[in-house]
Amino acid sequence: MTPDPGAAETMSDISSNALSDDVIAVQRGPTPTRSKAVYRAFGATLRSLRTTLARTLEKPTTIQYPEQKTPVYPRFRGRHKLHRFEESGLEKCVGCSLCVAACPAECIRVVAAENTPEHQVSAGERYAAVYEINMSRCIFCGYCELACPFDAITMGNDYELSDYTRSDLIFTKEMLLAEPIERTPLRREGE
Ligand code: SF4
Ligand code: SF4
(Lines give C-alpha, C1' and ligand atoms only; values in the text may rest on other atoms or scores of the structure.)
(Ligands and ions follow the chains in the order given, each with its own letter.)
Protein backbone atom coordinates (compact mmCIF):
# COMPACT_ATOMS: atom_id res chain seq x y z
CA MET A 1 0.00 0.00 0.00
CA THR A 2 1.42 3.46 -0.98
CA PRO A 3 1.81 5.80 2.02
CA ASP A 4 -0.36 8.91 1.82
CA PRO A 5 2.04 11.91 1.40
CA GLY A 6 -0.63 14.22 2.82
CA ALA A 7 -0.84 12.18 6.01
CA ALA A 8 2.96 12.26 6.50
CA GLU A 9 2.92 16.03 6.09
CA THR A 10 0.17 16.38 8.66
CA MET A 11 2.13 14.34 11.24
CA SER A 12 5.26 16.47 10.78
CA ASP A 13 3.12 19.61 11.09
CA ILE A 14 1.74 18.34 14.39
CA SER A 15 5.22 17.63 15.83
CA SER A 16 6.54 21.04 14.72
CA ASN A 17 3.54 22.77 16.33
CA ALA A 18 3.71 20.61 19.48
CA LEU A 19 4.55 23.52 21.74
CA SER A 20 2.04 26.03 20.43
CA ASP A 21 0.23 28.34 22.90
CA ASP A 22 -2.63 25.96 23.67
CA VAL A 23 -0.36 23.00 24.47
CA ILE A 24 0.92 22.58 28.02
CA ALA A 25 4.24 20.79 28.23
CA VAL A 26 4.34 18.29 31.11
CA GLN A 27 7.42 18.74 33.27
CA ARG A 28 8.85 15.35 34.06
CA GLY A 29 11.62 14.54 36.53
CA PRO A 30 14.89 13.03 35.34
CA THR A 31 14.65 9.34 34.44
CA PRO A 32 16.17 7.42 37.38
CA THR A 33 19.24 5.36 36.70
CA ARG A 34 18.99 1.58 37.04
CA SER A 35 20.71 1.52 40.44
CA LYS A 36 18.41 4.26 41.78
CA ALA A 37 15.32 2.40 40.53
CA VAL A 38 16.47 -0.81 42.25
CA TYR A 39 17.17 1.14 45.46
CA ARG A 40 13.68 2.69 45.37
CA ALA A 41 11.95 -0.64 44.75
CA PHE A 42 13.91 -2.23 47.61
CA GLY A 43 12.93 0.61 49.96
CA ALA A 44 9.25 0.31 49.00
CA THR A 45 9.36 -3.47 49.59
CA LEU A 46 10.90 -3.00 53.04
CA ARG A 47 8.24 -0.42 53.97
CA SER A 48 5.39 -2.70 52.89
CA LEU A 49 6.95 -5.62 54.80
CA ARG A 50 7.15 -3.44 57.92
CA THR A 51 3.43 -2.59 57.56
CA THR A 52 2.50 -6.26 57.09
CA LEU A 53 4.56 -7.37 60.13
CA ALA A 54 3.06 -4.62 62.29
CA ARG A 55 -0.47 -5.82 61.38
CA THR A 56 0.35 -9.47 62.23
CA LEU A 57 1.06 -8.41 65.83
CA GLU A 58 -2.34 -6.70 66.18
CA LYS A 59 -5.45 -8.47 67.46
CA PRO A 60 -7.76 -9.70 64.64
CA THR A 61 -10.66 -7.36 63.92
CA THR A 62 -12.82 -9.91 62.11
CA ILE A 63 -16.27 -10.31 63.65
CA GLN A 64 -17.90 -13.73 63.37
CA TYR A 65 -21.28 -12.51 62.14
CA PRO A 66 -24.06 -13.57 62.76
CA GLU A 67 -22.91 -15.22 66.00
CA GLN A 68 -21.26 -11.94 66.98
CA LYS A 69 -22.92 -8.65 66.14
CA THR A 70 -21.29 -5.28 65.67
CA PRO A 71 -22.51 -3.00 68.46
CA VAL A 72 -24.13 0.20 67.25
CA TYR A 73 -24.00 3.72 68.65
CA PRO A 74 -27.01 4.80 70.74
CA ARG A 75 -28.13 7.22 68.02
CA PHE A 76 -28.02 4.55 65.29
CA ARG A 77 -31.22 4.54 63.22
CA GLY A 78 -32.56 1.06 62.62
CA ARG A 79 -35.98 -0.61 62.58
CA HIS A 80 -38.89 1.68 63.45
CA LYS A 81 -41.14 1.25 66.48
CA LEU A 82 -44.66 2.57 67.04
CA HIS A 83 -45.48 3.35 70.66
CA ARG A 84 -48.42 3.16 73.03
CA PHE A 85 -49.06 5.08 76.25
CA GLU A 86 -47.86 2.92 79.11
CA GLU A 87 -50.78 3.64 81.46
CA SER A 88 -53.74 3.45 79.08
CA GLY A 89 -52.28 1.21 76.37
CA LEU A 90 -53.71 3.60 73.76
CA GLU A 91 -51.69 4.15 70.62
CA LYS A 92 -49.75 7.40 70.45
CA CYS A 93 -50.20 7.72 66.70
CA VAL A 94 -53.19 9.87 65.74
CA GLY A 95 -52.92 9.31 62.00
CA CYS A 96 -51.97 12.92 61.23
CA SER A 97 -49.68 11.83 58.35
CA LEU A 98 -46.95 14.36 59.18
CA CYS A 99 -44.43 11.52 58.95
CA VAL A 100 -45.81 10.66 55.50
CA ALA A 101 -45.25 14.26 54.36
CA ALA A 102 -41.73 14.31 55.79
CA CYS A 103 -40.63 10.98 54.30
CA PRO A 104 -38.37 11.64 51.29
CA ALA A 105 -38.61 8.03 50.11
CA GLU A 106 -42.44 8.03 50.16
CA CYS A 107 -42.42 4.70 51.91
CA ILE A 108 -44.98 5.36 54.68
CA ARG A 109 -48.70 4.79 54.15
CA VAL A 110 -51.21 6.01 56.73
CA VAL A 111 -54.97 5.72 56.54
CA ALA A 112 -56.65 7.55 59.40
CA ALA A 113 -60.02 6.73 60.97
CA GLU A 114 -62.17 8.37 63.67
CA ASN A 115 -62.08 7.12 67.25
CA THR A 116 -65.48 6.41 68.75
CA PRO A 117 -66.41 5.91 72.43
CA GLU A 118 -66.96 2.25 71.65
CA HIS A 119 -63.74 1.92 69.71
CA GLN A 120 -61.05 4.15 71.19
CA VAL A 121 -57.69 3.21 69.68
CA SER A 122 -55.56 6.30 70.21
CA ALA A 123 -55.54 9.24 72.60
CA GLY A 124 -56.60 11.72 69.90
CA GLU A 125 -59.71 12.17 67.76
CA ARG A 126 -58.34 9.92 65.06
CA TYR A 127 -56.06 6.94 64.86
CA ALA A 128 -54.09 5.18 62.16
CA ALA A 129 -56.31 2.42 60.83
CA VAL A 130 -53.45 1.53 58.48
CA TYR A 131 -49.83 2.31 59.16
CA GLU A 132 -47.27 0.72 56.86
CA ILE A 133 -43.59 1.29 56.17
CA ASN A 134 -41.98 -0.20 53.11
CA MET A 135 -38.56 -1.07 54.50
CA SER A 136 -37.17 -1.87 51.05
CA ARG A 137 -37.51 1.82 50.16
CA CYS A 138 -36.69 3.37 53.54
CA ILE A 139 -33.35 5.18 53.67
CA PHE A 140 -33.33 5.38 57.49
CA CYS A 141 -33.01 9.15 57.48
CA GLY A 142 -35.08 9.56 60.65
CA TYR A 143 -37.28 12.37 59.26
CA CYS A 144 -40.46 10.50 60.26
CA GLU A 145 -39.25 10.37 63.86
CA LEU A 146 -38.46 14.09 63.81
CA ALA A 147 -41.76 15.05 62.18
CA CYS A 148 -43.98 13.18 64.64
CA PRO A 149 -45.46 15.60 67.19
CA PHE A 150 -46.34 12.82 69.64
CA ASP A 151 -43.18 10.66 69.63
CA ALA A 152 -45.42 7.94 68.30
CA ILE A 153 -42.72 6.61 66.01
CA THR A 154 -39.06 6.20 66.89
CA MET A 155 -36.19 4.36 65.33
CA GLY A 156 -34.61 1.45 67.16
CA ASN A 157 -31.22 -0.22 66.83
CA ASP A 158 -32.07 -3.34 64.86
CA TYR A 159 -30.42 -3.49 61.46
CA GLU A 160 -31.16 -7.11 60.57
CA LEU A 161 -34.08 -6.54 58.23
CA SER A 162 -33.36 -8.72 55.23
CA ASP A 163 -36.04 -11.01 53.85
CA TYR A 164 -36.74 -13.18 50.83
CA THR A 165 -39.56 -11.20 49.21
CA ARG A 166 -40.26 -7.50 48.84
CA SER A 167 -43.79 -7.86 50.17
CA ASP A 168 -42.38 -9.20 53.46
CA LEU A 169 -40.50 -5.93 53.84
CA ILE A 170 -43.72 -3.95 54.16
CA PHE A 171 -44.01 -3.61 57.94
CA THR A 172 -47.59 -3.28 59.13
CA LYS A 173 -48.88 -1.38 62.16
CA GLU A 174 -49.12 -4.59 64.16
CA MET A 175 -45.48 -5.43 63.39
CA LEU A 176 -44.33 -1.94 64.30
CA LEU A 177 -46.35 -1.90 67.53
CA ALA A 178 -45.15 -5.34 68.63
CA GLU A 179 -42.23 -5.43 71.02
CA PRO A 180 -39.27 -5.90 68.68
CA ILE A 181 -36.64 -8.52 69.36
CA GLU A 182 -33.63 -6.40 70.28
CA ARG A 183 -30.84 -8.37 68.69
CA THR A 184 -28.36 -5.58 68.17
CA PRO A 185 -26.05 -4.70 71.06
CA LEU A 186 -25.37 -1.06 71.88
CA ARG A 187 -21.83 0.22 72.00
CA ARG A 188 -20.65 0.81 75.55
CA GLU A 189 -19.21 4.17 76.53
CA GLY A 190 -15.67 4.55 75.23
CA GLU A 191 -15.99 1.68 72.73
S1 SF4 B 1 -36.55 6.83 58.09
FE2 SF4 B 1 -36.77 8.34 56.41
S3 SF4 B 1 -37.15 7.11 54.60
FE4 SF4 B 1 -37.50 5.76 56.35
S5 SF4 B 1 -39.67 5.89 56.75
FE6 SF4 B 1 -38.70 7.44 58.04
S7 SF4 B 1 -38.74 9.33 56.83
FE8 SF4 B 1 -39.14 7.61 55.42
S1 SF4 C 1 -46.52 8.46 63.53
FE2 SF4 C 1 -46.71 10.55 64.32
S3 SF4 C 1 -46.54 11.85 62.49
FE4 SF4 C 1 -46.97 9.77 61.77
S5 SF4 C 1 -49.20 9.69 61.54
FE6 SF4 C 1 -48.69 8.93 63.58
S7 SF4 C 1 -48.84 10.73 64.94
FE8 SF4 C 1 -48.72 11.50 62.82
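Residues numbered from 1 in each chain as written. Chains lettered and ligands numbered in written order. Predicted model: local features only at pLDDT ≥ 70, side-chain atom pairs only at ≥ 80, totals over all residues.

Describing the overall build of the protein chain
Piece 1. Of regular secondary structure, the protein chain possesses five helices and five strands.
Piece 2. Every one of the 191 residues in the protein chain was classed for burial, and the buried ones make up 13%. (Helix = DSSP H or I, 4+ residues; strand = E, 2+ residues; numbered from the N terminus. Buried ≥ 20, exposed ≤ 12 C-beta atoms within 10 Å, placed from the backbone.)

Here's the deal with the site of ligand 2
Piece 1. Around ligand 2, a shell composed of 14 residues is seen, among which C93, C96, L98, C99 and C148 lie nearest.
Piece 2. Of the residues belonging to the shell around ligand 2, the class tally is 12 nonpolar, two polar and no charged. (Near = placed C-beta within 6 Å. Nonpolar A, V, L, I, M, F, W, Y, C, P; charged D, E, K, R; others polar.)

Structural notes on the sheet that holds strand β2 (residues 108-114)
By definition, the strands of a sheet pair up through backbone hydrogen bonds, in either a parallel or an antiparallel sense.
Piece 1. Strands sit in the order β2-β3-β5 across an open sheet of three strands; the sheet is antiparallel. Edge positions in the sheet fall to β2 and β5 (170-171), since each has one partner strand and no second.
Piece 2. Both strand β3 (residues 126-134) and β5 contribute to a ladder of two bridges, which runs antiparallel. By the bridge assignment for β5, I133 is matched with F171. (Pairing = 2+ DSSP bridges.)

A look at the site of ligand 1
Piece 1. Around ligand 1, the surrounding shell holds 14 residues, and the nearest of these are C103, C138, C141, Y143 and C144.
Piece 2. The residue inventory of the shell around ligand 1, partitioned by class, reads 13 nonpolar, one polar and no charged.

Description of unusual backbone geometry
Piece 1. That bond from Y65 to P66 is cis: its omega, 10°, falls within 30 degrees of zero.
Piece 2. Looking at the secondary structure, you find P66 in the loop between α2 (34-56) and β1 (80-82).
Piece 3. Although it is not a glycine, E106 sits at a positive phi angle of roughly 50°.
Piece 4. Position of E106 relative to the elements: it lies in the loop between α3 (98-102) and β2.
Piece 5. In this model, F140 sits at a positive phi of 55°, which is unusual for a non-glycine residue.
Piece 6. Inspection of the secondary structure assignment puts F140 in the loop between β3 and α4 (143-147).

Topic: α2
Piece 1. Compared with the 33 Å implied by 1.5 Å per residue over 23 residues, the 33 Å span of α2 between its first and last C-alpha is a close match.
Piece 2. Sparse coverage of α2 is indicated by the burial of zero of its 23 residues. (Expected span 1.5 Å × (residues − 1).)

Topic: the environment of V110
Piece 1. Here V110 lies in strand β2.
Piece 2. Counting along the chain gives 20 residues from V110 to V130, while the straight-line C-alpha distance between them is 5.3 Å.

What about the nonpolar core?
Piece 1. In this structure, L82, C93, C99, I108, Y131, C144 and I153 are the most contacted members of the largest nonpolar core, which totals 18 residues.
Piece 2. Secondary structure elements with two or more residues in this core: β2 and β3.
Piece 3. The residues contacting I108, other than those within four sequence positions of it, are C99, V100, C103, I133 and C144. (Core = buried A, V, L, I, M, F, W, Y, C linked by C-beta atoms within 7 Å. Contact = placed C-beta atoms within 7 Å.)

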